[in-house]
Amino acid sequence: MSQADPYSPLSPSASQSASRVVKGACPHDCPDTCALKITVENERVIKVQGAAEHRSTHGALCTKVSRYAERTYHAERVLRPLKRVSAKHEAPRFEPVSWREALDDIAARLQAIAARDPQAILPYSYAGTMGLIQGESISARFFNRLGASRLDRTICAGAGGAAMTATYGHKVGMHLPFFAESKLILIWGSNSIASNLHFWTFANQAKRAGAKLICIDPRKTETADKCHQHIALLPGSDGALALGLMHELIQHDWLDHDYLNAHVDGWDELKARALQWPPERVAEVCGITAEEVVQLARDYGQTQPAAIRLNYGMQRVRGGGNAVRLVALLPCLTGAWRNRAGGLLLSASGWVAPFKNSARLEKPELLQGPEPRIINMSTIGDDLLRPSSADFGPRIEALIVYNSNPVAVAPESPKVVSGFARSDLFTVVLEHFMTDTADLADYVLPATTQLEHLDVHTSYGHTDVLINEQAIAPIGEAKSNTQIFRELAAAMGFTEPCFAETDEQLARQAFTSAIDFEALRAQGWQSLPLADAPFAAGGFPTANGRVQAAGADYVANYESRASNPDLARRYPLAMISPPARNFLNSSFVNVKSLRDIEGEPLVEVHAEDAAARGLQDGAMVRVFNDRGSYVCRLAVSARARPGVVNGLGVWWRKLGAAGSNVNEVTHQGLTDMGQAPSFYDCLVELEALAA
Ligand SMILES: Nc1nc2c(c(=O)[nH]1)N[C@H]1C(S)=C(S)[C@@H](COP(=O)(O)OP(=O)(O)OC[C@H]3O[C@@H](n4cnc5c(=O)[nH]c(N)nc54)[C@H](O)[C@@H]3O)O[C@H]1N2
Ligand SMILES: Nc1nc2c(c(=O)[nH]1)N[C@H]1C(S)=C(S)[C@@H](COP(=O)(O)OP(=O)(O)OC[C@H]3O[C@@H](n4cnc5c(=O)[nH]c(N)nc54)[C@H](O)[C@@H]3O)O[C@H]1N2
Ligand SMILES: [Mo]
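Owing to the predicted nature of the structure, the values given are computational and were not obtained by experimental measurement.

1. Observations regarding the nonpolar core
Judged by nonpolar contacts, the single largest core of 172 residues is most densely connected at Phe142, Trp188 and Leu241. Ranked by residue count, the leading element in this core is helix H15 (residues 320-334), at nine residues. In this structure, Trp188 is in contact with Ile216, Asp238, Leu241, Ala242, Leu245, Ile308, Arg309, Leu310, Asn311, Met314, Val327 and Leu330, ignoring residues within four places of it in sequence. Core analysis: the next-biggest nonpolar cluster, separate from the first, contains 22 residues, Val22, Leu61, Ile472 and Leu584 among them.

Put into structure tokens, the structure is as follows:
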């Protein structure tokens, strides 16, 4: 590979042949992080496939990413910088401008704000791409140098991450392939077939070898369909179920006392708490039968090796952090960690952390002034509407959004939309498409897709690192995120040499020397050197090497019959809003072939709840509460349990009915740990839409 400029022309060697295969990595926010095989003919990507030799990808891609080329060559790609010419409260109208004009004007606007207080400028980004280079490298340098407000990136995994760190010291757990050897797998708060497909491959191997699979999820998902048993508990009740299982494990002495003594702090306290949770009390809180609790405990207490695939679904409620702590402690009671096919996995990202050089990519030392304030991305609705104050600091005057679509995905969208629609807010959005957020921008800057730039990736579902080589030149006038921030830095007069580093130079610095970049490049991925059964003899990455069990307790929802009976009388249905299978959060909603599979925005409702409201299958309904109202089609469905409705997410507002999506009704209450949103802790009512 030559030292060619990595963000515009392709290396000469790569572009010589008419047909070639390029090593890629799926950029999406998904635990699978697949290795891609990208076929390019005459400088056009004609096929995106999974790499057959990569262990967890094994040649298979999900429906979404197998259509990645359709997304890249989409007729509606933003391919030139766009400047807003209509008022924020009017229908969006933009006109194309040159990069020079856009960058100079943006720099001038930001400089004027920064001269008063750079904290009035806020970056807003998440995991539109999970790449380390197109994620937070030059962008982070830019905002550090500027002294902008910092963003607390809590929107997805904040509660679970904080819970794992408090309990185990980091986000660490079992290694994906060994689930295939488990004899019992609890798939807990995870719709694996939809959102973690390559885990399902290993679970299915275990199933074929005779393992029992149990799905614990309020919704009867496609994953639940394929398990031996489904326990449809109420949203937000997982902590109570975990305590009930502990109660039974203690009562029957299905405990590994040696493991508990040797490796767990706080067991006596936890034990005393668990003894207050007999099956009948658990059944009441969880909305299931006492027999289900007893039977689940028997299975878990008497089967070795037993594994738990815990996922983020359960931590999107007020008590999400404590729920994750309690579930995550179960393998310590039975000593399941002794076997490589036992224990649990929520996220593997703690394993790769020591191999990453984040500080080298982000350069925190560029900050010149005092440490800036931190804004939580999950309360952007409230925060955009806040005036300056001593507590809050300056009003947010400018937003730079990349790798995220907050107007669609952030909770309580009526407030998010009002905030973005402020006439005095200056908003720049780096995007592939005119999303709901781009519609409210002052400038939209065209960004490259994964096929058009170089990147390196880690995974939160497996323990390989991957490279994504640039397959084709940027389309139209698109530039990579890194290049946009390089040019913006230059326009702002930032002269530090680190802003000139190329993507390849960044990629070479992304990992410690334990990862050989040439080997990564040659194979496309590298596996981290890790022990098969990491905690067989303890050695957790906590301060004292022991698991921390103290303090974990059940925390009730913000919104439930038990915690807020008055609210529940008006809004008796609990709504969860897990992802639709053919979208990736709000990405791909505009890919027509995928949208056609999903059909239209739906709320799944149990037959009893529909009948009680005189609603028929297929009716257009209003899902509402005091915060807002979401219009969609009702599906009478066995996937919904009584009392819980499933509003599948996350549609673009403008492609849904009546310009709304499911976040119209969610709220900004934060979780008990990690300050994350509680999307699935939400009471609503339904009514037929007046004709
Ligand atoms: N196809 C597809 N794949 C995706 C995504 C996508 O949008 N589409 N999103 C990606 C991202 S960003 C993430 S974070 C992950 C999300 O994937 P997961 O971590 O699996 O989380 P969710 O999909 O939010 O929820 C998983 C399951 O938890 C259930 N659930 C809801 N509330 C509760 C509860 O209180 N307790 C329990 N036990 N279960 C509950 C939901 O019904 C759902 O079936 O998937 C990634 N993969
Ligand atoms: N009600 C409800 N709301 C939810 C959830 C839920 O389950 N229910 N899930 C939550 C979760 S888990 C998450 S992670 C968040 C996700 O929220 P986001 O991280 O905002 O994810 P997406 O909606 O996929 O939007 C990512 C955007 O980044 C853009 N993008 C992709 N690659 C690039 C790139 O290289 N450069 C630039 N500039 N842009 C790029 C895509 O075009 C896309 O519009 O949503 C949350 N919102
Ligand atoms: Mo997420």
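2. What about helix H14 (residues 290-302)?
Think of an α-helix as 3.6 residues a turn; residues three or four steps apart then line up on the same face. Between its first and last C-alpha atoms H14 spans 18 Å; for 13 residues at 1.5 Å apiece the expected length is 18 Å, and the two agree. Along H14, the residues classified as buried are Val293, Val294, Leu296, Ala297, Asp299, Tyr300 and Gly301.

3. Let's talk about the sheet that holds strand E5 (residues 94-96)
Whether parallel or antiparallel, the strands of a sheet pair through hydrogen bonds between backbone atoms. Pairing within the open sheet is mixed, and its six strands lie in the order E5-E4-E17-E16-E15-E6. In this open sheet, the two edge strands, each paired with only one partner strand, are E5 and strand E6 (121-125). Averaged over all neighbouring strand pairs, the angle between strand axes comes to 20°, with direction disregarded. With four bridges joining them, strand E16 (residues 426-431) and strand E17 (residues 443-446) adopt parallel strand pairing. Across the sheet, residue Val429 finds its bridge partner in E17, namely Val444.

4. Here we look at the layout of surface pockets
Rolled over the atoms, a probe as big as a water molecule pinpoints where empty space is left. Each pocket or cavity is described by its volume, and for the largest pocket that value is around 1,300 Å³. At the level of elements, helix H5 (138-146), strand E7 (150-152), helix H6 (158-168), helix H16 (349-352) and helix H17 (358-362) are the ones that each hand at least two residues to the lining of the largest pocket. Broken down by class, the residue content of the lining of the largest pocket amounts to 22 nonpolar, 19 polar and eight charged. Shared between two domains, the lining of the largest pocket holds at least three residues of each, these being domain 1 (82-156 + 364-451 + 475-500) and domain 2 (159-346). Considered as a void within the structure, the second largest pocket measures approximately 490 Å³ in volume. Forming the boundary of the second largest pocket are 23 residues, of which Leu234, Val285, Ser560, Arg561 and Ala562 lie nearest the centre. Class assignment of the residues belonging to the lining of the second largest pocket gives a composition of twelve nonpolar, six polar and five charged. Summarising the domain contributions, the lining of the second largest pocket has at least three residues from each of domain 2 (159-346) and domain 3 (565-688).

5. Considerations on the packing of aromatic side chains
This structure, assessed with the given rule, holds 19 aromatic pairs. Ring centres of Trp337 and Phe540 lie 6.3 Å apart, and the angle between their planes is 70°; this geometry places the pair in the edge-to-face category. Of this pair, Trp337 sits in the loop between H15 and strand E13 (343-345) while Phe540 sits in the loop between strand E20 (525-527) and strand E21 (547-548), placing them 203 residues apart in sequence. No difference in accessibility class separates Trp337 from Phe540, as the two residues are buried. One aromatic cluster is present, built from ring pairs that chain together Phe142, Phe143, Tyr402, Phe485, Phe494 and Phe499. For Arg386, the ring lying beneath its charged end belongs to Phe392, and the centroid distance is 5.6 Å.

Conventions used here
- Residues numbered from 1 in each chain as written.
- Chains lettered and ligands numbered in written order.
- Predicted model: local features only at pLDDT ≥ 70, side-chain atom pairs only at ≥ 80, totals over all residues.
- Heavy atoms only, no water.
- Core = buried A, V, L, I, M, F, W, Y, C linked by side-chain atoms within 4.5 Å.
- Buried < 20%, exposed > 50% of the residue type's maximum accessible area, 1.4 Å probe, protein only.
- Helix = DSSP H or I, 4+ residues; strand = E, 2+ residues; numbered from the N terminus.
- Contact = heavy atoms within 4.5 Å.
- Expected span 1.5 Å × (residues − 1).
- Pairing = 2+ DSSP bridges.
- Axes fitted to C-alpha atoms, helices over the stretch in contact; angles between N-to-C directions.
- 1 Å grid on protein atoms, 1.4 Å probe; cavity = no way out; pocket = protein on both sides within 12 Å on 5 of 7 lines; lining within 4 Å.
- Points joined across faces, edges and corners; volume = space filled by probe spheres on them.
- Nonpolar A, V, L, I, M, F, W, Y, C, P; charged D, E, K, R; others polar.
- Domains from an automatic or database assignment.
- Phe/Tyr/Trp six-rings, centres within 6.5 Å; stacked < 30°, edge-to-face > 60°.
- Lys NZ or Arg CZ within 6 Å of the ring centre and 35° of its normal.

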